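# Notes for the structure review
The chain contents come next:
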Amino acid sequence: MVLCLMAYKDLRNFIAVLEKKGLLQRVAVEVDPLLEISEITDRMCKSPKGGKALFFEKIKGSAYPVITNLFGSFERMALALEVERLDDIAGRIEALLNQAPPKTFFEKLALLPTLFEFSNYLPRKVRRGPCQEVIEQGDPDLSKFPIIKCWPGDGQPTDEGRFITFPMVFTKDPERGHPNCGMYRIHVYDKTTTGMHWHIHKDGARHYDRYKALGKKMPAAIAVGSDPAVIYAASAPLPESIDEMLFAGFLRREPVEMVKCITSDIEVPANSELVIEGYLEPGEMRIEGPFGDHTGFYSSADYYPVFHVSCITHRKDMIYPATIVGKPPMEDCYMGKATERVFLPLIRLDFPEIRDINLPMEGVFHNAALISIKKSYPGHAKKIIHGLWGKGQMMFAKLLIIVDSDVDVQNVSYTAWRVLNNVDWKRDVVIAEGPLDDLDHAASWPRYGSKMGIDATRKTREEGMMRDWPEELFMSEEIRKLVDRRWREYGFD
Ligand SMILES: Cc1cc2nc3c(=O)[nH]c(=O)nc-3n(C[C@H](O)[C@H](O)[C@H](O)COP(=O)(O)O)c2cc1C
Ligand SMILES: [Mn+2]
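So, here's what we can say about the structure. All of these numbers come straight from a predicted model, not from anything done at the bench. (Residues numbered from 1 in each chain as written. Chains lettered and ligands numbered in written order. Predicted model: local features only at pLDDT ≥ 70, side-chain atom pairs only at ≥ 80, totals over all residues. Heavy atoms only, no water.)

### Overview of the environment of aspartate 404
The cut-off we apply is this: Helix numbering and strand numbering both begin at the N terminus, where a helix is a DSSP run of H or I of at least 4 residues and a strand a DSSP run of E of at least 2. Only protein chains enter the accessibility calculation, which uses a 1.4 Å probe; a residue whose area is less than 20% of its type maximum is buried, one above 50% is exposed, and one in between is partly exposed. The contact criterion used throughout is that any non-hydrogen atoms of two residues lie within 4.5 Å. Distance and chemistry together define a polar contact, namely a pair of N or O atoms within 3.5 Å, with one atom able to donate a hydrogen and the other to accept it when in protein, and with adjacent residues in sequence counting only for side-chain atoms on both sides.
If you trace the backbone, aspartate 404 turns up in strand β22 (residues 399-404). Residue class for aspartate 404 comes out buried when judged on its relative accessible area of 7%. Along the backbone, aspartate 404 and isoleucine 354 are 50 residues apart, and their C-alpha atoms lie at a distance of 9.5 Å. Beyond its immediate sequence surroundings of up to four residues, aspartate 404 is in contact with Ser372, Ile373, Lys375, Arg418, Thr457 and Arg458. A distance of 2.8 Å separates the side chain of aspartate 404 from the backbone nitrogen of arginine 458, its partner in a polar contact.

Here it is, written out as structure tokens:
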């Protein structure tokens, strides 16, 4: 794959590269943003290797085109982050971490901004940006934009069920001014009001709680469409101390240019396609959802803060990106796979014995993780289980399966065979209670329930195993070579 040497300038630059490589398909006939785009995109996501990105040129009821399935394959996700393979990001992060003296996970994380800074990836303020080519301050109106409805049961009877599905929500800590960017879906209630669906565990919600404690109105901005590293960074589960835009700068190897909003001090990527500026009144809540979510089920309606639009700015010829989530595999699965690779070196700072991690798409990220470790003492796998439940968004992992380091966890079938043969359930299972992902619908209460860890490593005497562990079947090297040599002689191809 020939990679672009410079960072993508913006979304349309990435779209042009996709088109040149034959990875984008245009749809010229008019399509409905209510459900029709969703069904077409879902079929494309389910086609071999994630199909192509889709550029819908003519949208019923809106003057602007829509693009979906931008990152929905390993190839497009790697292209978006300008690496050959997603594994290469892990290599870049490892090299970055090696610049710092060996420290623990949290100390290293605290150091990261300094490291990034040395590397000149700090976001850069600019005075003007294409995202402000058109400014609609007097009478902002969200209904002009091709905001999609994804699934039939989305939204409330009082609205059309439209959601902004690929938003980058920018906020600032009220005391320290530290910025955050998170991808939290936006339920559109009417022309100037939306929901703000940051789960209580997320950084945006923490900022909001601090404004609430101060009794202050909270400014926020929703940017839509930027260069691919910026869009991806909004979804990355970084610690609160790390500015996602700094991380995006590292990924794209060039600082992100930020421009100040018209009606607040929030800064947004200057190259955005659309920016919705506004504010939240502390304590004002409204029913948000339901929404067909990435679990493949509707996430139920619940009370969330309300966002009021004060100004909309956009490019003259805005392109509106959207993602459809649903039963895996969907586009967000590939973003999750990028995250799996990005975070492996960070997790290994605290757990160097971890060799690899696989978050299978069917587990929609919070439901399952397969982990291989180099085991060296009794109970080692159980230590990893408890340790991981204490690390950032790994607390949501409902099932952790630990295997020995000779298992390739990317090979799910082989891993399943090893696990199913190796486990004595009473001895090897850990069940614990604690916080769960907001999207978990199986626990009896929202956000709280049980998780399971399975130690599927070979057991030793010290772990109570009274018998010798059997050997795995392998043919002798001599016979394998002989059969290789004689293969055609037997009459096979
Ligand atoms: C397509 C997509 C939609 C998402 N929607 C939400 C959402 O509505 N609410 C939420 O809390 N997290 C959502 N997430 C996950 C967050 O973006 C992710 O947890 C991120 O780390 C949040 O940023 P933060 O760590 O700065 O809070 C979504 C992720 C993706 C890829
Ligand atoms: Mn954050």
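### Section: the site of ligand 1
Keep this limit in mind: Here a residue is near a molecule or strand as soon as one of its heavy atoms is found within 4 Å of it. Here the accessible surface of atoms and residues is derived via Shrake-Rupley with a 1.4 Å probe, and residues count as covered only by protein chains that are part of the display.
Met183, Tyr184, His197, Lys202 and Asp203 are the nearest of the 20 residues found near ligand 1. Contact distances for ligand 1 include 3.0 Å between an oxygen atom and a backbone N or O atom of arginine 185. Histidine 197 places a polar main-chain atom, nitrogen or oxygen, 2.7 Å from a nitrogen atom of ligand 1. Isolated, ligand 1 exposes 630 Å² of accessible area, and the fraction of that covered by the protein chains is 88%. Considering each element in turn, the shell around ligand 1 owes the most residues, three residues, to strand β8 (residues 179-182).

### Remarks on the pairing of strand β21 (residues 369-373)
Keep this limit in mind: Here the rule is simple: two strands pair whenever DSSP picks up at least two bridges between them.
Among the five residues in β21, five count as buried, and that is most of the element. The two faces of β21 match: Ala369, Ile371 and Ile373 on one face and Leu370 and Ser372 on the other face are all buried. Strand direction decides the pairing type here: strand β20 (residues 354-358) and β21, joined by four bridges, are antiparallel. By the bridge assignment for β21, asparagine 358 is matched with leucine 370. Summarising the sheet, β21 and β22 pair through five bridges and their orientation is parallel.

### Notes on the sheet that holds strand β12 (residues 257-260)
Strand order in the open sheet formed by three strands is β4-β12-β13, with mixed pairing between adjacent strands. The open sheet terminates on both sides in strands that have one partner only, identified here as β4 (124-125) and β13 (267-269). Relative to β13, β12 runs antiparallel, the two sharing three bridges. Opposite methionine 258, over in β13, you have proline 269 as the bridge partner.

### What to know about the coordination of the manganese ion (ligand 2)
Put simply, a metal with four donors set out as a tetrahedron has ideal angles of 109.5 degrees, and one with six donors set out as an octahedron has ideal angles of 90 or 180 degrees. Selection rule: Donor criterion used throughout: N, O or S atom within 2.8 Å of the metal, extended to 3.2 Å for Na, K and Ca. Water excluded; incomplete-looking sites may result.
The protein atoms donating to the manganese ion (ligand 2) are Asn180 (OD1), Asp203 (OD) and Glu244 (OE), with metal-donor distances spanning 2.1 to 2.2 Å. Residue aspartate 203 is classed as buried on the basis of its relative accessible area of 8%. A relative accessible area of 3% places glutamate 244 in the buried class.

### Details of helix α11 (residues 412-422)
To keep it simple, the criterion reads: In this description, the arc belongs to the directions extending from the helix axis to the C-beta atoms.
Looking only at α11, the buried set comprises Thr415, Arg418, Val419 and Asn422. All buried residues of α11 fall inside an arc of 95° around its axis, so they share one side. Across α11 from its buried face, at more than 90 degrees, point the exposed residues Ser413, Leu420 and Asn421. Along its buried surface, α11 packs onto β21, β22, α12 (425-428) and β24 (448-455).

### Side note on the packing of aromatic side chains
Filter applied, for reference: Think of it this way: a Phe, Tyr or Trp ring, Trp meaning its six-membered ring, pairs with another when their centres are within 6.5 Å, and the plane angle makes it stacked under 30 degrees, edge-to-face over 60, tilted otherwise.
As enumerated under the stated definition, the model contains 15 aromatic pairs in all. An angle of 85° between the planes, with centres 5.8 Å apart, marks the rings of tyrosine 184 and tryptophan 198 as edge-to-face. Highlighted residues: tyrosine 184 in the loop between β8 and β9 (186-190) and tryptophan 198 in the loop between β10 (193-195) and α6 (203-214), separated in sequence by 14 residues. Taken as a pair, tyrosine 184 and tryptophan 198 share a single burial class, namely buried. Centroid distance tryptophan 198 to tyrosine 208: 5.9 Å. Interplanar angle 45°. Geometry classified as tilted. With tryptophan 198 in the loop between β10 and α6 and tyrosine 208 in helix α6, this residue pair connects regions lying ten residues apart in the sequence. Neither residue differs from the other here; tryptophan 198 and tyrosine 208 are each classed as buried.

### Examining unusual backbone geometry
Omega for the peptide link from glycine 289 to proline 290 comes to -5°, which places this bond in the cis form. Tracing the sequence through the fold places proline 290 in the loop between β15 (285-288) and β16 (291-292). Cis geometry marks the peptide bond from proline 328 to proline 329, where omega comes out at 0°. Following the sequence through the fold, proline 329 ends up in the loop between β19 (320-321) and α9 (331-350). Unusually for a residue other than glycine, leucine 35 sits at a positive phi of about 70°. Secondary-structure assignment places leucine 35 in the loop between β1 (24-31) and α2 (36-46). If you check the backbone angles, arginine 447 has positive phi at about 65° while not being a glycine. Within the fold, arginine 447 resides in the loop between β23 (429-435) and β24. Of the residues examined, arginine 447 reaches a relative accessible area of 22% and is grouped as partly exposed.

### Some remarks on the nonpolar core
Filter applied, for reference: Residues grouped as a nonpolar core are buried Ala, Val, Leu, Ile, Met, Phe, Trp, Tyr and Cys residues, joined through side-chain atoms within 4.5 Å.
Among the nonpolar cores identified, the biggest contains 86 residues, and Met77, Tyr232, Phe247 and Ile354 are the most heavily contacted of them. A per-element tally of this core places α9 first, with nine residues. Grouped together as the second largest cluster of nonpolar side chains are 43 residues, Phe145, Met196, Ala205 and Ala220 included.

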